Every structure is written in structure tokens, then in C-alpha cells.
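What follows is the residue order along each chain.
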Amino acid sequence: PHPSTGGGGIAPLTEQEEEEQPLQAVLVADSFNRRFFPISKDQPRALLPLGNVAMIDYTLEFLTSTGVQETFVFCCWMSNKIKDHLLKSKWCRPTSPNVVHIITSDLYRSLGDVLRDVDAKNLVRNDFILVYGDVVSNIDVSQALQEHRHRRKVDKNISVMTMVFKESSPGHKSRCEEDDVIVAMDSKSKRVLHYQKTQGLKKLQFPMNIFQHGSDEFEIRHDLLDCHISICSPQVAELFTDNFDYQTRNDFVRGILVNEEILGNQIHLYVTQDGYGARVSNLQMYDSVSSDMVRRWVYPLTPEANFTDQQGQGCTHSRHNVYRGAEVSLGHGSQMEENVLIGRDTSIGANCHISNSVIGNNCTIGDNVVLDRAHMWNNVHISSNVEIHQSVVCDGAVVKEAVHLNKQCVLAYNVVIGPNLSLPDGTVVSMHHPEEEEEDDDDEFLSDDQEVGHSKDKTRQKAFNPAEVGPEGKGYIWKASMNDTEDEELAQCLWGLVLNPDPESDSESEASEESQDRSRSVSPEIDDVNAFQLEVLGTLQRGLEENIVCDNLVLEINSLKYAYNITLKEVMQILTRVVLEYPFQQQGTQLTTLQYTGSLLPLLKTWSPVFKNYIKRAQDHLDCLSAVEELFLEQDTHQTAMVKVLMKMYQLEILEEEAILKWFSTGATNDKSRQLRKNQGKQRMSLQRKESEEDESSEEGE
Amino acid sequence: MPGADKEADLTERIEAFLADLKRGGCGTGPIRGSGETARETTALLRKVTAQARWSSAGDLMEIIRKEGRRMTAAQPSETTVGNMVLRVLKIIREEYARSRGSSEETDQQESLHKLQHFVHLKANVIEAINELLTELDGTTDNIAMQALEHIHSNEVIMTVGRSRTVEAFLKDAARKRKFHVIVAECAPFCQGHEMATNLSKASIETTVIADAAIFAVMSRVNKVIIGTQTVLANGGLRAVNGTHTVALAARHHSTPLIVCAPMFKLSPQFPNEEDTFHKFVSPHEVLPFTEGEILSKVNVHCPVFDYVPPELITLFISNIGGNAPSYIYRLMSELYHPEDHDL
């Protein structure tokens, strides 16, 4: 092969590594949410310009500079546009070191679908990098990759994923409230023990068991920024296939952590201090990532580097981070104060003040315009005496004379505003009518360009409201300004939420997700355990009726265990309880002790293989015994039956002698159980003696 | 088709080199030394000469110019790339003139495009480029060899940041003489630390000082020896941040300032307010990203280079000997053809 001229971010490959397969990446060019609505109705999020370059280009450049040689780009919403863009870009040139395959399907609904497809098509053969199409990063992940490979080599594929996080303390503007996480990890092995999105919760709970095993050093960190870059083992795709309910990476991480004991999979963390990595997950993030980019945090992915290698995209960089493209004209007395990026062929009138703004290609800006934190895309026309603060103006929008855009306004594609109008904070104007959106709410992902065109016709029939968008305006207001005050709004970083046209459904889904979170994270057992118990009972009943072999029963119980996230210990306790309660279930609670034992003992014999399957280690025996004890504490009328049950279990070799004796000798936890043991004491003595006499006859116990 | 194959291979190599240049320098300066960049550029240009399709010297020069423009545009701060392109262009001119047997200037312009002595020309140009490569390989050694003429026993030498050339220079002198080196750490990248480690490994008595202490310490210093990123056409320097401070302090104390710069760092560029002159990298080194809230309230810049005017410099030591700053223009005219200055 060709000699590796790659110095840059590529770590020097050892000979052994060179023999390995090329590094692959899966790029998901769809967000599967509607944070950027209604902007994303006309253009997929991955193609929205950030610093006049489509976001997907940043992601691809990041992957290429990391040394990725093969990238699979998965597109769903407006896949044609993404495909066209990529085919024209430098990534699809024959000389590109990173071979890009574009895979489109309208059927993807989530990250889970994409990864299941990866598995179905058998695309990845080795560790791969998983990113979204809106990640902007210059992190050198080769170190993380090495750590990941090392772990996999040492621990035989136990580590399935390494998530890349960037250190950034709370309050950082690039931290997104929605992605705020608290992570508990093992300091030495960097293993993730607990992963929880904070979602504004004031109280967080950590299950104690995560601190009880493993090493003696733990870290609980809240100073991490999720870069949404993960290094995945090939098993990740398989795990998504096995667990069809995993939709997002969040589901996956939680699933792996909950099932860690059962499946033995672990997730690790790579925390970096250098480099920059963030996902543009809402407009608030868009604003901060864009400003970080202009302030050169993402160096060398700066505007003047023209890393997409497109003709005419080059620009110059001068003092105070002012970037100018080719053929930019600036009127007399206009000032570009700081952190300004102006695309090519843009002309700016006289006496303008521009600061912290990004202006696209082919824009015209009139005189006496004030722009602060404005994001203007291509072909925008701004007339004179306009003021724009912290707003997004999309392609082809026209702002007429003397319009004042307050903070967090969005003018979507081809909107016309004004003249002489002031839009309040948080106004969203689009050419698409909000009601039309509600109509085809469900198949929003399915609607392609044709449908959009079709709906445009529909919108023309509805009149624009001149009071809202001005006398010459074109467009519909999506949401009036918020009730919240601006400060609160900013503090919560919720600009992304503001964009959502129907806040009810959004908050609903948010709330439901939250409650789901809570129930899962705080006490995942309660509901699941009850359901599991019923299922086990049903299984055993059916097994008895249909005379099913015990091996198959074990199989069923095992699958139930995974379905309800039940630990091995709980399985055993529940199984014991179900079996011991079985006579009550069948014949009512009014049984005499004799009747009870009469019907139970044969059952125990039938199901003894099932017990034996679960009760293996010494601890299992004790757990089983404690379950028996618990049950008989509740059923105190039948306490005398206990010794027979234990006896039978001993004879069937379900329980070992030592375990029973140990249980007996360990201190009772409360008065009641002490009483119980006392009652049993006499019989036990005989049991003990009998056992020492090599178990002459079972009748003697009675 | 082997021809097409070759060309594909060539473009792939060039693209890889360009991508590499664009990513070069993740804050702490280029990962490779400029010497290595120079060698790589020259080797690539040799490959272009050997593999590209051209039928006359004019064609070849046009091809080299085209690739050169792309290479310099990829990383404008890396002037060695442009310098090497100019050197190769000059070589082609010379070889062409020699093959014609004519004196240099006579109606060369028209005849450059005529097809003459093609086979010989190609071989000769490649041969000359090979010579250039050999010269590049030896530059650091050639400079280091002169160390004993400039460093005397028990002297106190100050340097700033890390320069591979200066490091070799000092180490060479240390083989024979005992002297003391003071290294300014050169914040925010602090390459001075690495320099000091390397020097002390070579058992040179080394002290690291903060940049703020440069002036205070200067009175004790006998000589300042620094490296540079580029030598400009007027004899000034474009060198790592902090060099200007050192030069001014040296001037105040009348301490001689010696610049170790191989010939390939000579650039026909002048220190005008050209936008490519500066290079700003990620502000991470100045104010870490982890700082949090403060970052949204301040503007942080992290420039990499200083301009040092020629009047502050005492002597240049290049691989062909010592020169005064006022003599640089003369070297420049020997190295590059005046018509090539603008690619």
C-alpha cells in the first residue's frame, strides 16, 4: 500500500495494526427529532450551514483526520439532498482517503434502526466510530481508540463501547441542558457505572450496588460534555438487533449498564481536555458552536482553512477574528467589530455595525444595519435600518426596512418580513403553515420534496397576516414570544425547545420520558418484579399442565429474566416464592399444613432441575433459604411445614447441608425470624442429628 | 494502464500531503520540523517532475506552479513549502538554460515552451532536485558545525522556545565547551520545557525561565541564539511568540542576537500586513476550554508568531555560513528567480 504520509492526527501505525482492517465509521446524517423545525422542513439538519460550511462536512473532516478510511453515511429525511451534497464534495473524489458510502432508507426512525441495519448488512468488521452528522469536533480520538482496543484485547470483548467526553465545567455555554449528564465511573478502569441525564432534576439517586464491587476509587462527574462520539465494538450493532426496543444511544447505555451482570458487557469513558467536540443538537447549541468556531476553538477547522476544498470558499482572516470571503464589499463607515464571518459576494452598506455574526454568500445588507449574534445564511436580503440580535435568518429570506428582530427569532427559508415591524423575542416565521404541519404530523419523516412542494401550494391559499409579518411580509408565525423571561430562557439553554411548534406534545413527551427515567433509575425493580413473578407463575402452571421438560422451563424463565431486567438473585427468590406459594394459588389459602405439604412436596420433586439450574454457589443457597424464610414468616400458620420443605429440598439435593446449617446459625434479622428459628430449633436438632447419621430414613423427620 | 495508475497515485500523494498540511500544527506548532516539510515538498515535486505529463520546460513549470499554489494555500504559514517550490522552479530554469547552452537571460521566455532535449532535461532536473535534497539533509549539521566559532567557554546563552536547529547547534558546541543555557519557556505552548529537557540530557547546564523574566535575566547573558520559522526578504524574522521580547531585551543590553536559520527558510515574502502573515490557533492553551462561564464573556486569541525587525538581529547563521541581515536580499536573489516570486 501507499506509504503513510499522514502525520496530522493519525497516530503512527505499528506494523501489526496496519495489518488490521481499515478503521470504519458510521455517520448518522439524521437527527430523528424535530429540534430544528421548521428549518429542517426544507433542509436536513446535516446540511445546515455552520460558518458557511454544511455541518456534515465538519463531521466527515473530523473522521478523516482521525484516520477513518471507510465511512457509512446513513440518511433518511431528505436523503437525496444529502446524497447530492456528498457526491459533489471532496469526500467522493477518487483521491479521498476516506471512502464514503451513502446508505439511504425512509424506514429509519431512530439510531437503533440504523444500527440494526448495520448489523443486517454486515457492514462493520471491526471497531468503528459512531457519530451524528451534526458533530463538530477536532478531538484526536486515536488515543481513545487505542485504549478501547487494548481493553478489548485484555478483557476478551467485554468492553463494547467507549464514549468520548470533553471536560467542561458547568455553566459553559457549549453545554446543552438536554444532554447534561451525570456519570459515575471507576477511576482506574474508566468503566461507566452509572449514566444519567440530569434533565434539570435537583435530586439524583445512585444505586448503591455500583459502589460495592470493583475498585475502591470512584468518580462522579458532572463536568463532562457529551461529544456524541462513540467508539463501538461490532457487538454494538448485534446488541441493537437483539434488543429491538433500543432506540437511542441513551437506551443502549442504560440497557448495557442494567444488564451488566448478566451479559457481562461494559461501557467505558474517554475524557479529553484537549480538542473540541460538540453536537449541534438545538439552536442554542448552533449559536454557541458557531461562535466557538469563529473564535477558533475548533482549529484547524477554521473558516479560512477551506478544508472542504471548494472553489471560491476561501476567505481571509484578520484581526479580531474577522473573516472575509472573496468579493466582499463594505460600505463607508461600516464596522466589523469582532468575530465576524462574511461569505463571498456579499455586499454591506454604509454605517453598519456587525459583531459576533456569520453572514453567508451572496447576501446584500443595506445601510445603518446593526447585526449582533446574527446567523445569516445564503442569499439573504436585509434592507436599511434593520436591527437583528441573536437570530437565525435562513436562505433566501428578505428583511425589509426598519425591521427589528429581537433575540432568538428564526426566519425560515424564503420568508419576507416588514417593513416597519418589530418581532418579539423567540418568534419563528416560516413559509409553512403550522396547521399544515399538524395535519401531516405523523408522516413527517416520510414526506419528501414533492410533498413539500405540494404543501406549499396549499399554503398559498391561506393569507399571510400583515399584523404579524408586516405589510409586505410572507410567512406564518409559528409561535408567539414566550411567557418566560429572557434570562430564565437563556439560563436553561432552551432555545431548541422554543423552536418546537407544538409545545404541549413536546413537554408531554419530555415529561413522560422523565417519568420513565425516574421509574427506571430510582427503582427499576418494583413493576418489573411483580410482572416477572406473574410470568414465572404462568410458565410453571403451563409447564405442569402441558408436561413441559424442565430444561425448557429454565429457558423460558431465562428469557423472562432478560425481558424484565431481573438479576439472578431475584430470579431465584421469586422462583422459590412462586413454587412455595403454588399450592395456595391453586387451592386457596385455607389449606391445612398437611394438605399444603402434601401438594407441595411432589411439585418440588418435579421442579427440582429448575432449582438446581439457578442454585449453584453457596450464596445462592443462602439466598434461596432467606426466600423460604421470608415466605414462611408471612404464612405463619404453616411454619411447621417449613422443616419438611427444607428436608425435601435437601433430599432432592437442591440445598446443601452446610448451607442450611449456616443459615440456621447466622443471626436472625428480626424478632419474628428469631421466633421462627426457635420453633424450628427442635426439629432442626433432629435434622442435624439425622444428617450426621447419613440420612437413614426420611420418615423419621416427620 | 500504468500511466493512469501512476497519475492516480501522484494525485493521491498530493492530496494526502495537502490534507496533512491543512491539519498541520494543532496549536503547538507543526508536528514535523520545517526541515522535514521542506524535504517532503521537494520529494513530492521530484515525483511530479518524474510522473506528470509535460513536453517542455514551460509545461513543467506551469504544473509545478499550479501544485505549488495549492500547497501554499493549504497552509500559508508554512513558508518552506513555497520556498521549495521556488527553488525547484529556479532549478528548471537553470537546467533548461544549461541544456540550451545559452546564457541565462537571452530570450528564454519564448523558448521555454519549445520542445527541446526533453529526455535530458527531465533527467537533469531530477538530478538537480536530488542535489537539493542532499543539501536539505545536511543543513542542520552544516549549521551545527559552526557552533564552536560562536560559543565560547563559560558563556551564558539564552534561547527561546524550541528549535531543532538551535538544539543541534548547542549540543555540537557542548561536545567541546562548557557553557550555560537559559531557556525562556515560551508560553503558552511551553516548548521551552522540551528544549530544556533535551539540552540537559546532553549534559548542558540549563535553566528554564518564565517569559516575563527575559529582560531581568538578559544582563547576565553573553549571547542570544534563536531559531526562526521564516526569514523574510528584508532580513526580519517571523518567529515564535516571545522572540520579539527577547530581541528587544537583547538590543537594550547590547547582547548579540544570532539567528540559526537554514537557507530553505529564506522567503521572498515581506512583512506587510498580509493576512497570511499571522496564524491564530485554538485559544485552548491560553484559557482552557474547561474554564466554563468566563469563556462566553471574553475574547481569547492565541497568535503563534512574532515579527522581529532586521535591525534587532546581529547575525544569521545558515548552512552556507554567517551573514548580516542586510545581506539577505542578496542571498534571496541567488536562490530564487525574480519572476517566480509570485506563484
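Located above this text is the structure these notes cover.
Notes on the structure in this doc start here. Keep in mind it's a predicted model, so treat the numbers as computed, not measured.

A few points about the packing of helix 3 (residues 57-74) of chain B against helix 4 (residues 79-100) of chain B
Residue and element names in this part refer to chain B. The N-to-C vectors of helix 3 and helix 4 enclose an angle of 175°; their axes lie 9 Å apart at closest approach. Overall, the two elements helix 3 and helix 4 adopt an arrangement that is roughly antiparallel. Residues Ala57, Leu60, Met61, Ile64, Arg65, Gly68, Met71 and Thr72 of helix 3 lie in contact with helix 4, whose contacting residues are Val81, Gly82, Val85, Val88, Leu89, Ile92, Arg93 and Tyr96.

Brief notes about the environment of Arg109(A)
Residues and elements named next belong to chain A. Locating Arg109 in the fold gives a position in the loop between strand 5 (99-104) and helix 4 (111-121). Overall, the relative accessible area of 39% leaves Arg109 in the partly exposed class. Separated by 246 residues in the primary sequence, Arg109 and Ser355 place their C-alpha atoms 40 Å from one another. Within the structure, Arg109 has its side chain in polar contact with the backbone oxygen of Asp106 (distance 3.4 Å).

Some points on the interface of chain B and chain A
In this complex, chain B contributes 34 residues to the contact, which on the side of chain A involves 40 residues. Roughly 3200 Å² of surface becomes buried between chain B and chain A when both sides are summed, with 53% attributable to carbon and sulfur atoms. The largest share of the area that chain B buries against chain A comes from Lys22(B), Arg23(B) and Phe289(B), three residues that together contribute 25% of it. Across the chain B-chain A interface, the total number found is zero salt bridges. Counting residues per element, the side of chain B that touches chain A draws most heavily on helix 1 (residues 2-23) of chain B, which supplies eight residues.

Notes on the pattern of salt bridges
Residue and element names in this part refer to chain B. Applying the stated criterion across every chain, the model contains 36 salt bridges over all chains. Residue Lys66 pairs with Glu67 through a salt bridge whose shortest N-O separation is 3.8 Å. A salt bridge links Glu95 to Arg98; its shortest N-O distance comes to 3.3 Å. A residue pair is termed a helical-turn pair when its members lie 3 or 4 positions apart in one helix, as Glu95 and Arg98 do in helix 4 at three residues. What emerges from the salt-bridge pattern is a single network uniting Glu62, Arg65, Arg69, Arg93, Glu339 and Asp340.

Points about the sheet that holds strand 32 (residues 416-417) of chain A
Residue and element names in this part refer to chain A. Here we have six strands laid out as an open sheet, ordered 17-20-23-26-29-32, and parallel in their pairing. This sheet does not close on itself; its edge strands, each paired only once, are strand 17 (329-330) and strand 32. Pairing analysis gives two bridges linking strand 23 (residues 364-365) to strand 26 (residues 381-382), with the strands arranged parallel. The partner of Thr364 across the bridge, within strand 26, is His381.

Thoughts on the sheet that holds strand 5 of chain A
Residue and element names in this part refer to chain A. Strand order in this open sheet of seven strands is 5-4-1-6-12-8-13, and the pairing throughout is mixed. Looking at which strands have only one partner, the edges of the open sheet turn out to be strand 5 and strand 13 (266-272). Put simply, the sheet's adjacent strands are angled 25° from each other on average, direction ignored. Judged from the six bridges that link them, strand 4 (residues 70-75) and strand 5 form a sheet pairing that is parallel. Paired with Glu70 across the bridge in strand 5 is Val99. Seen against the sheet, helix 3 (residues 79-88) touches strand 4 and strand 5 and runs at an angle of roughly 165° to strand 5. Each of strand 8 (159-167), strand 12 (224-232) and strand 13 touches helix 7 (residues 249-258); the most contacted strand, strand 8, lies at about 120° to it.

Brief notes about the packing of helix 8 (residues 164-174) of chain B against helix 9 (residues 191-201) of chain B
For any two helices packed against each other, the geometry comes down to the angle between their axes and how far apart the axes lie. Residues and elements named next belong to chain B. For the pair helix 8 and helix 9, interaxial distance at closest approach is 10 Å and the crossing angle is 25°. Between helix 8 and helix 9, the crossing angle belongs to the class labelled roughly parallel. Crossing handedness for the pair helix 8 and helix 9: right-handed. In this structure, helix 8 uses Val166, Glu167, Leu170 and Lys171 to contact helix 9, whose residues at the interface are Met195, Asn198 and Leu199.

About the criteria used
- All residue numbers refer to positions counted from 1 along the written sequence of the respective chain.
- Going through the entries in the order they are written, you letter the chains from A and number the ligands from 1.
- Totals for whole chains, interfaces and linings use every residue, but because this is a predicted model, local features are given only for residues with pLDDT of at least 70 and side-chain atom pairs only at 80 or more, for both listing and counting.
- Hydrogens and water molecules were not included; the side-chain quantities draw on all heavy atoms of the structure.
- Note on geometry: axes are lines fitted to C-alpha atoms, helical ones only across the stretch in contact, with angles between N-to-C directions running from 0 to 180 degrees.
- Numbering goes from the N terminus for both helices and strands, where a helix is a DSSP run of H or I of at least four residues and a strand is a run of E of at least two.
- Should an angle lie under 35 degrees it is considered roughly parallel, over 145 roughly antiparallel, and from 65 to 115 roughly perpendicular; all remaining angles are considered oblique.
- Any two residues whose heavy atoms approach within 4.5 Å are treated as being in contact.
- Throughout, exposure labels follow a simple rule: accessible area from a 1.4 Å probe, protein chains only, divided by the maximum for the residue type, with under 20% read as buried, over 50% as exposed, and the rest as partly exposed.
- For this analysis, a polar contact is any N or O atom pair within 3.5 Å, provided that within protein one partner can donate a hydrogen and the other can accept it, and provided that sequence-adjacent residues contribute only side-chain to side-chain pairs.
- Simply put, the buried area is the total loss of 1.4 Å probe accessible area from both parts when two parts are fitted together.
- Take a side-chain nitrogen of Lys or Arg and a carboxyl oxygen of Asp or Glu: if they are within 4 Å of each other, that pair is a salt bridge.
- The rule for pairing is simple: two strands pair if DSSP sees at least two bridges between them.
- Each helix crossing is assigned a hand: it is left-handed if the near helix lies turned anticlockwise from the far helix by less than a right angle, otherwise right-handed if that turn is clockwise.

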